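# Observations on the three-dimensional arrangement
Here's the letter readout for the chains.
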Amino acid sequence: MTNTWMDIKNANVILVMGGNAAEAHPVGFKWVIEAKAHNKAQLVVVDPRFNRTASVADFYAPIRVGTDIAFLSGVIRYLLEKDTIQHDYVKAYTNASFLVREDFGFEEGLFTGYDDKTRKYDKTTWQYELDEQGYAKVDETLQHPRCVLNLLKAHVSRYTLDMVCDITGTPREQYLKVCELIASTAVPNRTLTSLYALGWTQHSVGAQNIRTLAIIQLLLGNIGMPGGGVNALRGHSNIQGLTDLGLLSDQLPGYLNLARDEETSRAAYLEKRTPKPLRPGQVNYWSNYGKFHTSLLKAWFGKAPTRDNDFCYDWMPKVDKVYDGLRAFDLMEQGKLDGYFCQGFNPLASFPNKGKITSALSKLKYLVVMDPLATETSEFWQNHGEFHDVKPEDIQTEVFRLPTTCFAEEEGALVNSSRWLQWHWKGAEPPGEARTDIDIIAALFVKIRELYGHEGGAFPDPILNLHWPYRKAEEPGPDELAKEMNGYALADIPDPKDPTKILAKAGQQLSSFAQLADDGSTACGTWIFSGSWTEAGNQMARRDTTDPTGLGIAPSWAWAWPANRRILYNRASCDLAGKPWDENRKLIQWDGSRWSGLDVPDFKADAAPDSGTSPFIMTDEGVARLFCRQLMADGPFPEHYEPFENPLGTNLLHPKVVSNPAARVFDSDRAMLGESKEFPIVATTYRLTEHFHFWTKHARINASLQPQQFVEIGEELAEELGIANGERVVVRSKRGRIRAVAMVTKRIKALTVGGKTVHQIGIPIHWGFKGAAKKGYLANTLTPFLGDANTQTPEFKAFLVSVTKDSGAAVNSAKTAMKDGAGSSWLARILKGRTEV
Amino acid sequence: MALQSLDILRRSATTTPSPQQRQMTELAKLIDVTKCIGCKACQAACQEWNDLREEVGVNVGSYQNPHDLTADSWTLMRFAETEENGTLEWLIRKDGCMHCADPGCLKACPSPGAIIQYSNGIVDFHEENCIGCGYCITGCPFNIPRLSEKDSKVYKCTLCSDRVAVGLEPACIKACPTQALVFGSKADMIEHANERIVDLKERGFQNAGLYDPQGVGGTHVMYVLHHADKPEIYNELPKDPTISAMVSVWKGIFKPLATAVLGLTALAGFFHYVTVGPNQTEEDEEDTHEQA
């Protein structure tokens, strides 16, 4: 989240799109209810289904899955056409006035530079026009035809009301009403907040879905504002922490990234990652990259890294390409991967195309599953009848199941969606042989280091020299790891303004990432967490709820990265003179000599409003990007591309380029895509509030609250197919089939798309063949194995299926399900006048 | 089943006067269906606090699980889809005991002290005194109490009388993430409801209102409804609940007679026990029962 959970209460309009906050985030959703109850906020829900968020919304509009960019691009067009944007903000705080290279273009669904052999773009032209000093040229009058704002206008001009409604299926009146509500926040004293989750990310255009909304929020002046922002509601407890720590195949902690094979020297590596400012006088904070990276190497390898050995840069792993989940399982399927560690991951259930995952896992030599529960993945080799029909005798994979603790059985910090690191304490001892993930990995490491010590090996240095200073080598403490992530001084750190003063003595905890150096005098495991465990102690364990502004900023509750800042880009909550745009949303302000207030200013503390420094200190431009240059794989502007399986078979905007041309898709999986002739119904998968992924089906109470697999089918489709509520159906995709109870509902309506009627069905994911709930099919039997161009997140949310009645299966009804007469005695039945007794 | 004898207002089938030395504040739970997201945290909390476990059932084409209140599920989210107000609405209502000021269950109950009303408004079942006759089920205008097949006693929401007795809120209130459920003095709850109704009317719900039906003397569980003129669309919440006429008939004529019969039955049972010995349950019978 750019903002925080509590901050939602400050919003005037709340857009829930690409998520279902009431069901997936019921606890945080209290702030939406609070905004409605005490800020007269309007809640708007745009979703294929009228879900439980919609049940408390002021306005709901349906949409076809996978068409969010079309929907939102139409909103951008509406805002620009009606001129309901916040002009001062757009002009000064975004790159609206920047001039783009003349050779940049977009035609027939493709940006310039596309190579259809590699399915990749050469992004050279996706750049500003630069002057002799390397600064971007701007036209502050916004008249130049190639300034970003005018290019954006031209880009979205195709998203007319007719076109958008034709693509999305959203009825015109409902669409216009949503546009109006969003536009109402263009004034400085009203804000829109956007709450999204996996409904936006799990698409082949996932990252661009979010970009489109970010553009809207910038046009409305809602970024940096209390009650505004682009707010990702994370899908797992601590998944924010996972991202922060860079647990992705090409990432390092704190949003640093791994070197590529060709980057053979540290200088070459840093050169590419240390940007030069694109406008004069900008902070350009990533220019500190070298300090973060050097401090990371010092944290990992202790005394070994020195200037003379390039800080052991050679010991860092380098990649030739991204080894994301899709690629890993594809390699496994090809027999090119021998072993796999599943830690907090149940891929058989939660990765697309279960058939492919089963086949891939069967080709491994060994599989290690670390989990508190007996997951489907850990039993992928067992036959579970119709739900998982495999032949164990044909599977030679050796499976090791290592029981781990669950969160309540361990101590440490979880990072929530608000970027708060909240320390928690152990509530119970783990059962049986369960160990924490840290202890399991540590014990493995100690053993491997021992083997390298005895036997040598191809490249023992990074293993043998890994800095491992913990009290118990096999059980590093959460406190020890947290202190290392925060960082510590290896030599006295003098104050740059007054070298006679020492900011931190050698051995002391650092108080901020501002103290990090690239000369080897500091060690820091995760630079963005610097400040979380200082000499003053564990800041994450703070529990002071005091909220001095009343805006939901409790600065002494836990600790937020970066620098305990609660609302990112908060300099933009003030106007050009440094005064809050809205007095009722006063976070920080320029007091004549410095920036001060009750949030930590996201700005140079002493940079005066007229200093020429712009508010977005993390960008090379100093401003926010409507046009994002070369930073995305699939285009500097978002464009509507159809899901890989779609009901039209074409793209109404550009028939030659139907789906995202840069998306992650392998040829073998392309062959497993279905067409609308055979699979005419659009399907989407999602979670229900009663369950958490595939975990809580193991808990009896959750299982009783939502006991059995079902699919949601609209009344019109049900009637067409002759399916009654409670009847069983078979849902097939090109990749497999599931059987489930049909829930026939008014809450999913047929839509008119491209002149034809399109039906959508909903498939909750939570059932499987393990746990306390009724056994069910893994929903991901149906989903396609392909993903987003930037994140490689699979397209779980949009695909095609067919639905048929499950002939011969019994109808579930409340009458047969309840024991007849339960709940009343014979006497009561006589008294109620029932004659059958 | 907390035994605060000083705070008892009424007991079923008892003629001795209740203590009157002190009077507790009248309490109420307010269920604001317009803030409720149907997450069922209240259902889970109820099972947790009361140490009950509902069966893992089947889906019959509804989010409503279990399908009805049971002796293990004392509260239940009921889901109803309607388009009768001109737009699609998904009405979600937490069902459970309303803790009537004039409780039909207590009036109907023939067993002394099986149903207790406290002066704070809580109507509590004391199952150790329950004889399983089920009259309370008939007496209830909301169809709430459920007879257990396990022990032939009747169960329902206690409004967490055990928690409330030591100054805690009911478990469902504590679990509710959106403050759709709030708890306090009945006067405060009515005031809070009135504020909510103003907000709802501003949002176009002209018939928003408080559900505190006077036919049962008012209730200690109340609803804020967007359509207070049509409570029946919320899964058959009765519009004007009253105690069944059968209860009055029963009270006036049959109750003394039936009590005597019950007494004689108990006496006969006692002699049966003394002369024959305790009843044995046939194992086969139990098995058949489970398969049913």
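Residues numbered from 1 in each chain as written. Chains lettered and ligands numbered in written order. Predicted model: local features only at pLDDT ≥ 70, side-chain atom pairs only at ≥ 80, totals over all residues.

Helix and strand counts for chain B come out as 8 helices and 11 strands. Across the 292 residues of chain B, 48% fall into the buried class. Sequence-distant contacts in chain B: of pairs separated by 6 or more residues, those separated by 24 or more amount to 63%. (Helix = DSSP H or I, 4+ residues; strand = E, 2+ residues; numbered from the N terminus. Buried ≥ 20, exposed ≤ 12 C-beta atoms within 10 Å, placed from the backbone. Contact = placed C-beta atoms within 7 Å.)

This part takes up the domain arrangement of chain A. Split by domain assignment, chain A resolves into domain 1 (6-237), domain 2 (245-276 + 284-315 + 478-537) and domain 3 (667-816). The C-alpha centroid of domain 2 of chain A is placed 35 Å from the C-alpha centroid of domain 1 of chain A. (Domains from an automatic or database assignment.)

Attention now goes to the interface of chain A and chain B. Each side of the interface is counted separately: chain A has 49 residues, and chain B has 46 residues. Listing elements by their share of the side of chain A that touches chain B, those giving two or more residues are α2 (30-39), α20 (700-705), β31 (736-745), α22 (814-817) and α23 (826-831) of chain A. For the side of chain A that touches chain B, the per-class residue count stands at 26 nonpolar, 13 polar and 10 charged. (Nonpolar A, V, L, I, M, F, W, Y, C, P; charged D, E, K, R; others polar.)

As a further point, take the sheet that holds strand β16 (residues 398-403) of chain A. All names here are of chain A. Strand order in the open sheet made by the 3 strands is β14-β15-β16, with parallel pairing throughout. Edge strands, defined here as strands with exactly one partner in the open sheet, are β14 (339-343) and β16. Across the sheet, the mean angle from the axis of one strand to that of its neighbour is 10°, orientation sign disregarded. As paired elements, strand β15 (residues 366-371) and β16 share 6 bridges and run parallel to each other. Residue L367 lies in a different strand from β16, and its bridge partner there is V399. (Pairing = 2+ DSSP bridges. Axes fitted to C-alpha atoms, helices over the stretch in contact; angles between N-to-C directions.)

This brings us to helix α7 (residues 172-183) of chain A. Residues and elements named next belong to chain A. Look at α7: 16 Å from first C-alpha to last across 12 residues, which is about the 16 Å you get at 1.5 Å a residue. Residues of α7 that are buried include every one of Y175, V178, C179, I182 and A183, and no others. Buried residues along α7 cover an arc of 130° about the axis, so they all sit on one side. (Expected span 1.5 Å × (residues − 1). Arc of directions from axis to C-beta.)

Once that is clear, we can look at unusual backbone geometry. A cis amide bond, omega -10°, links A:W561 with the succeeding residue A:P562. Mapped onto the fold, A:P562 is located in the loop between β25 (559-560) and β26 (588-590). Geometrically, the link from B:N65 to B:P66 is a cis peptide bond, its omega value of -5° lying close to zero. Summarising the element assignment, B:P66 is placed in the loop between α1 (41-49) and β3 (75-82). Unlike most non-glycine residues, B:H99 shows phi in positive territory, near 50°. Residue B:H99 is classed as buried on the basis of its C-beta count, with 28 C-beta atoms lying within 10 Å.

So, about the pairing of strand β21 (residues 498-504) of chain A. Two faces make up the sheet, and in a regular strand the side chains alternate between them. Residues and elements named next belong to chain A. Two strands pair when backbone bridges link them, and strand β20 (residues 493-495) and β21 are joined in this way by 3 bridges, in the antiparallel orientation. Along β21, the bridge assignment pairs I493 with A504. Linkage of β20 to β21, two consecutive antiparallel strands, is achieved through a turn of 2 residues.

Moving on, we come to the confidence of the model for chain A. With 97% of its residues at a pLDDT of at least 70, chain A reaches an overall mean of 96. Long-range and interchain partners of residues 818-837 of chain A, a stretch whose pLDDT sits below 50, account for 29 contacts in this model, where long-range means more than four residues apart. (pLDDT = per-residue confidence, 0-100.)

Right, let's get into the sheet that holds strand β10 (residues 209-211) of chain B. Sheets are built from strands paired through backbone hydrogen bonds, the pairs being either parallel or antiparallel. All names here are of chain B. Strand order in the open sheet made by the 4 strands is β9-β2-β11-β10, with mixed pairing throughout. Strand pairing shows two members of the sheet lacking a second neighbour, β9 (181-185) and β10, which therefore form its edges. Across the sheet, the mean angle from the axis of one strand to that of its neighbour is 25°, orientation sign disregarded. Direction of pairing for strand β2 (residues 27-32) relative to β9: antiparallel, over a ladder of 5 bridges. Paired with K29 across the strands is F183, a residue of β9.

Moving on, we get to the packing of helix α3 (residues 68-81) of chain A against α7(A). Residues and elements named next belong to chain A. Where α3 contacts α7, the axes come no closer than 10 Å and their chain directions differ by 60°. Between α3 and α7, the crossing angle belongs to the class labelled oblique. Where α3 crosses over α7, the two elements pack in a sense that is right-handed. Residue-level contacts link V75, Y78 and L79 of α3 to C179, I182 and A183 of α7. Counted by class, the contact of α3 with α7 contains 6 nonpolar, no polar and no charged residues. (Parallel < 35°, antiparallel > 145°, perpendicular 65-115°, else oblique. Left-handed = near helix turned anticlockwise from the far one by under 90°.)

Taking 1.5 Å of rise per residue, 14 residues should cover 20 Å, and helix α9 (residues 206-219) of chain A covers 21 Å from first to last C-alpha, within 8% of that figure. Extensive coverage of α9(A) is indicated by the burial of 13 of its 14 residues.

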